[in-house]
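Single-letter residue listing:
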Amino acid sequence: MQQLLGIAWLCGIGFTMSLFIGSLAFEEAKADFATDVRVGILAGSLLSAIPGYLVLRDALANKASTQASARRRVWSAMGREVSAKSSA
């Protein structure tokens, strides 16, 4: 679920970039606000990229720690089986 949230945040980059491209296509329409609009769109992309990166980084760390604990459980179970067979 956490990975889905991270991807949802990153979707904001694509949305704001489409606005940016649209503003470049129609730059003659409102030349007064062109710079402000582009800066706002790029800031929106940045505000979408940062939380998306952080959420996905955290999801990856959680996945790695879950896999490591699963490996420890498997190895400890195998160790118990081996010692139980050798003592019989």
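Residues numbered from 1 in each chain as written. Predicted model: local features only at pLDDT ≥ 70, side-chain atom pairs only at ≥ 80, totals over all residues. Heavy atoms only, no water.

**What about the overall build of the protein chain?**
Part 1 of the reasoning: The number of helices and strands found in the protein chain is 2 helices and 0 strands.
Part 2 of the reasoning: Within the protein chain, the proportion of its 88 residues that are buried is 14%.
Part 3 of the reasoning: Residue pairs in contact within the protein chain that sit at least 24 positions apart in sequence constitute 78% of those at least 6 positions apart.
Part 4 of the reasoning: Entry remark: accessible area of the protein chain is about 6900 Å², with carbon and sulfur atoms responsible for 70%. (Helix = DSSP H or I, 4+ residues; strand = E, 2+ residues; numbered from the N terminus. Buried < 20%, exposed > 50% of the residue type's maximum accessible area, 1.4 Å probe, protein only. Contact = heavy atoms within 4.5 Å. Areas by Shrake-Rupley, 256 points an atom, 1.4 Å probe, with all protein chains shown as cover.)

**A word on the side chain of serine 48**
Part 1 of the reasoning: The topology assignment puts serine 48 in helix H2 (residues 34–87).
Part 2 of the reasoning: Once you skip the residues sitting within four places of it in the chain, serine 48 turns out to touch Trp9, Leu10, Gly12 and Ile13.

**Examining helix H1 (residues 2–25)**
Each turn of an α-helix holds 3.6 residues, which means side chains three or four residues apart point in the same direction.
Part 1 of the reasoning: Look at H1: 36 Å from first C-alpha to last across 24 residues, which is about the 34 Å you get at 1.5 Å a residue.
Part 2 of the reasoning: For H1, the complete set of buried residues consists of Gly6, Thr16, Phe20 and Ser23. (Expected span 1.5 Å × (residues − 1).)

**Quick word on the side chain of threonine 16**
Part 1 of the reasoning: Relative to the assigned elements, threonine 16 resides in helix H1.
Part 2 of the reasoning: Aside from chain neighbours lying at most four places away, what touches threonine 16 is Ile41, Gly44 and Ser45.

**Focus on a nonpolar patch on the surface**
Part 1 of the reasoning: Taken together, the side chains of Leu46, Ile50, Tyr53 and Leu54 present a nonpolar region at the surface, about 400 Å² in accessible area.
Part 2 of the reasoning: Exposure remark for leucine 46: the relative accessible area of 51% places this residue in the exposed category. (Patch = residues over 30% accessible without salt bridge, like charges linked within 9 Å, V, L, I, M, F, W, Y side chains within 5 Å. Salt bridge = Lys/Arg side-chain N within 4 Å of Asp/Glu carboxyl O.)

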